[in-house]
Amino acid sequence: MKRWLLVGSAVATLATAGAGSVAQAAGGPEALPKQPVAYGTGGGAATMSPYATASAIDVLKHGGNAVDAAVAAAATLGVSEPFVAGPGGGGYFVYYRARDHKVFTIDGRETAPAGATPDMFLGPDGNPMDFETAVESGKSVGVPGQVATWGVALRQWGRRSLRSDLRPAIGVAREGFALDQALSDAIQKNQAKLARFPASAAYFLPGGQVPAPGTVLHNPDLASTYEQIGRNGWQWFYNGPIAADIANQVQHPETSPGTTPVAGGTMTPQDLAKYTAPLKDPVSWNYRGYTMYGMGPSSSGGTTVGEAMNILSNFDQTGDRIAALHRYLEASKIAFADRGQYLGDAAYVKVPVRGILSPEYAKERAALIGETALPTPVAPGDPWKYNGAAAARKYALSRADHEQHTNHLVVADREGNVVSYTNTIEQIAGSGITVPGRGFLLNNELTDFNFPTGTANSVAPGKRPRSSMSPTIVTRDGRAVEAVGSPGGSTIITTVLQTLINQFDFGMTLPEAIEAPRASQRNSATTDAEPAFINKYGPALQAKGQAFKPTDYIGIVAALSFLPGHKLQTATESWRGGGGSAMVLRPQNPDPRGGGDLSDYSADGEGGDG
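Below is a short write-up of the structure. (Residues numbered from 1 in each chain as written. Predicted model: local features only at pLDDT ≥ 70, side-chain atom pairs only at ≥ 80, totals over all residues. Heavy atoms only, no water.)

Description of the overall build of the chain
(1) Moving on: Looking only at helices and strands, the chain has 19 helices and 20 strands in total.
(2) Moving on: Taken over 610 residues, the chain has a buried fraction of 63%.
(3) Moving on: Of the contacts made within the chain by residues no fewer than 6 positions apart, 73% connect residues no fewer than 24 positions apart.
(4) Moving on: Here the chain has roughly 20,200 Å² of accessible surface; of this, 51% comes from carbon and sulfur atoms. (Helix = DSSP H or I, 4+ residues; strand = E, 2+ residues; numbered from the N terminus. Buried < 20%, exposed > 50% of the residue type's maximum accessible area, 1.4 Å probe, protein only. Contact = heavy atoms within 4.5 Å. Areas by Shrake-Rupley, 256 points an atom, 1.4 Å probe, with all protein chains shown as cover.)

Now the structure itself:
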């Protein structure tokens, strides 16, 4: 098996003896160390889990490319971060291919089953049902897209088999991982939810108790599930006994004795058999000489980040920082107004993507920004006149967002291929339902639909709920210079936006941009903001009419950038969410030139050996 040799307090390098798995620290099942920033060559990765990042590095070391490493990392996150990842969820995969400078995306978002109805989240009185009641039920579970995303990505661009790429995650699941404080706290906060479902209680609450940090968790059920998928192929997940087990648990959720039964959903094995994770064109926009690529609908991330940046491109943001931050908050407010009106699954509703991302429309919307804050809610604009087509049906405005918890990972390989991949099971612990004998939680993605009918994001059979996930790749002259993304529900959009403008407008390095305090304005009366942001900028921005509501932290960024001399920098959080894990294949000392000006940086197909 593979054993970890810990080098200082930074990067773990791998010694291999046989074809086995990623294991614990040599000498015992201790928690792997985390580091927020890594520099070097040969490729690298950043995730919220050192086990997942190490899995990506292991695959890169043994001949895999960025796509292989991203699949390995995502599968391992399903083991070590089971409350926000796993085969019971879905996500969005953005890939930059270095040899021809093209960007591709996979829509692995979950879908509503054929039996879903527009009023499925309304009570007998016609009002929306209680949100938590909806979450903890089979009604909330969408057809999972995660495993299909892995299969499609590897079929299109991978270098190794799915079976090989799942081996690191299988090793962690079998040999165990040390529970960290963040996951222990999450189990504590969700104890009642987990206790309601026997298979969830058995794994996360052994003996009826919350496991303490440092407890080693083994997941042989998930290891077996991954082994079966690897042996039989990814389609087997959707056509074999796993699909039957998922559908059965969705229709008839098993609850613990003494707890209130929960409603079942309508998902059938046929819903899983019909699932597809389609390849889609990315959306793109330009900012300060760079081209950004992101996810189009069913995600609202790319269009909303893009609209806000297009609005800001009408201003010089390099001068007065308070004025620049005021405009950042206003641009986000305006973009969210259009998001609430127009964004939904483009296979079901007409979405004016071209109009929303039109520079002319951005100029029109930018004219709304003055010296003081706009009253909220700001009304949506009319992007249809910039869309090249007649206006479509105007759906009812939707404002409620329940989307919360996610994970994001980035990977680059030595050829300069890049993956930016956000995936999730939605709420912490998803629906709370673990599929018995399979070792993974089921999502509650269908509660990302607006519960009222008549909106662009209302429920329909086969439809994908609107998401805020914003995996982004930045290019200059066709070459990738950065990849970035974050979890955090609708704050994902503002987190990605703020991380980018921190660099392009304020001259921060990538680690500085991640570390900087955050604020998230989403067309509401108050802006969620971290205490450090309020302390530093609050009084001056309040004088401009901005109002703030403190929150512990916003987002958990994972990102990478290419530095001069074919060096790579991977970066994530030092403290938010318990901190993340950044690694490179061959670590070096940090580039003394820093990393604020990205103009000379790019992946040029030689990003590995320096």
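Re the nonpolar core
(1) Moving on: Ranked by size, the top nonpolar core spans 87 residues in total, and within it Phe-83, Phe-93, Trp-150, Tyr-226, Ile-246 and Val-411 carry the most contacts.
(2) Moving on: In terms of residue count, helix α2 (residues 66–80) provides more of this core than any other element does, eleven residues in total.
(3) Moving on: Ignoring any residue separated from it by four or fewer positions in sequence, one finds Ile-246 in contact with Phe-237, Met-267, Leu-272, Val-435, Phe-440 and Leu-442.
(4) Moving on: With 82 residues, the next largest nonpolar core counts Val-305, Val-349, Leu-497 and Ala-571 among its residues. (Core = buried A, V, L, I, M, F, W, Y, C linked by side-chain atoms within 4.5 Å.)

What about the sheet that holds strand β15 (residues 519–520)?
(1) Moving on: With mixed pairing, three strands are arranged side by side in an open sheet as β15-β16-β17. The strands lining the two open edges of the sheet, one partner per strand, are β15 and β17 (548–550). (Pairing = 2+ DSSP bridges.)

Observations regarding the environment of Pro-220
(1) Moving on: With respect to the element layout, Pro-220 can be found in helix α9 (residues 220–232).
(2) Moving on: Sequence-wise, Pro-220 and Ile-170 are 50 residues apart; in three dimensions their C-alpha atoms are separated by 8.4 Å.
(3) Moving on: Setting aside chain neighbours within four positions, we find Pro-220 in contact with Ala-173 and Arg-174.

Focus: the environment of Ala-116
(1) Moving on: Structurally, Ala-116 can be placed in the loop between β5 (102–108) and α3 (131–135).
(2) Moving on: For the pair Ala-116 and Lys-463, spaced 347 residues apart in sequence, the C-alpha separation works out to 9.3 Å.
(3) Moving on: Leaving out residues up to four positions away in the same chain, Ala-116 has contacts with Thr-266, Val-459 and Pro-461.

Considering unusual backbone geometry
(1) Moving on: With omega at 25 degrees, the peptide bond leading from Pro-297 into Ser-298 counts as cis.
(2) Moving on: Mapping Ser-298 onto the fold places it in the loop between β10 (290–294) and α13 (301–312).
(3) Moving on: A cis amide bond links Thr-376 to the next residue, Pro-377, at an omega of -5 degrees.
(4) Moving on: With respect to the secondary-structure elements, Pro-377 resides in the loop between α16 (359–366) and β11 (405–413).
(5) Moving on: Unusually for a residue other than glycine, Glu-426 sits at a positive phi of about 90 degrees.
(6) Moving on: Among the structural elements, Glu-426 can be located in strand β12 (residues 418–426).

What to know about the side chain of Glu-426
(1) Moving on: The charged side chain of Glu-426 is buried without a salt bridge, its nearest counter-charge being Arg-109 at 5.9 Å.
(2) Moving on: Only 3.3 Å separates the side chain of Glu-426 from the side chain of Gln-427, close enough to count as a polar contact. (Lys, Arg positive; Asp, Glu negative; His and termini not counted. Salt bridge = Lys/Arg side-chain N within 4 Å of Asp/Glu carboxyl O. Polar contact = N/O pair within 3.5 Å; in protein donor to acceptor, adjacent residues only side chain to side chain.)

So, the pairing of strand β4 (residues 90–97)
(1) Moving on: A large share of β4 lies buried, amounting to eight of its eight residues.
(2) Moving on: With burial as the criterion, each face of β4 is covered, one bearing Gly-90, Tyr-92, Val-94 and Tyr-96 and the other bearing Gly-91, Phe-93, Tyr-95 and Arg-97.
(3) Moving on: When β4 meets β12, the two strands line up antiparallel, connected through seven bridges. When the sheet's bridge partners are listed, Gly-90 is paired in β12 with Thr-424.
(4) Moving on: In the sheet, β4 pairs with β5 via seven bridges, with the strands oriented antiparallel. Counterpart to Val-94 in the pairing with β5 is Thr-105.
(5) Moving on: From the end of β4 to the start of β5, which pair antiparallel, there are four residues, and His-101 there has a positive phi angle of about 60 degrees.

Considerations on the packing of aromatic side chains
(1) Moving on: In the structure shown here, the tally under the stated rule is 20 aromatic pairs.
(2) Moving on: Judged by centre distance (4.8 Å) and plane angle (35 degrees), the rings of Tyr-95 and Trp-157 are tilted. You can see Tyr-95 sitting in strand β4 and its partner Trp-157 sitting in helix α4 (residues 146–157), a full 62 residues away along the chain. By the burial criterion, Tyr-95 is buried, and Trp-157 matches it.
(3) Moving on: When the ring of Phe-121 is compared with that of Phe-451, the centres are 4.6 Å apart and the planes differ by 20 degrees; the resulting orientation is stacked. Remark: Phe-451 occurs in the loop between β12 and β13 (472–476) and Phe-121 occurs in the loop between β5 and α3; sequence separation between them is 330 residues. Summarising the burial analysis for this pair, Phe-121 and Phe-451 share the class buried.
(4) Moving on: Counting every residue linked through ring pairs, the aromatic cluster contains Phe-93, Tyr-95, Phe-104, Trp-157 and Tyr-421.
(5) Moving on: We note Arg-476 situated over the ring of Tyr-290; from NZ or CZ to the ring centre the distance is 4.7 Å. (Phe/Tyr/Trp six-rings, centres within 6.5 Å; stacked < 30°, edge-to-face > 60°. Lys NZ or Arg CZ within 6 Å of the ring centre and 35° of its normal.)

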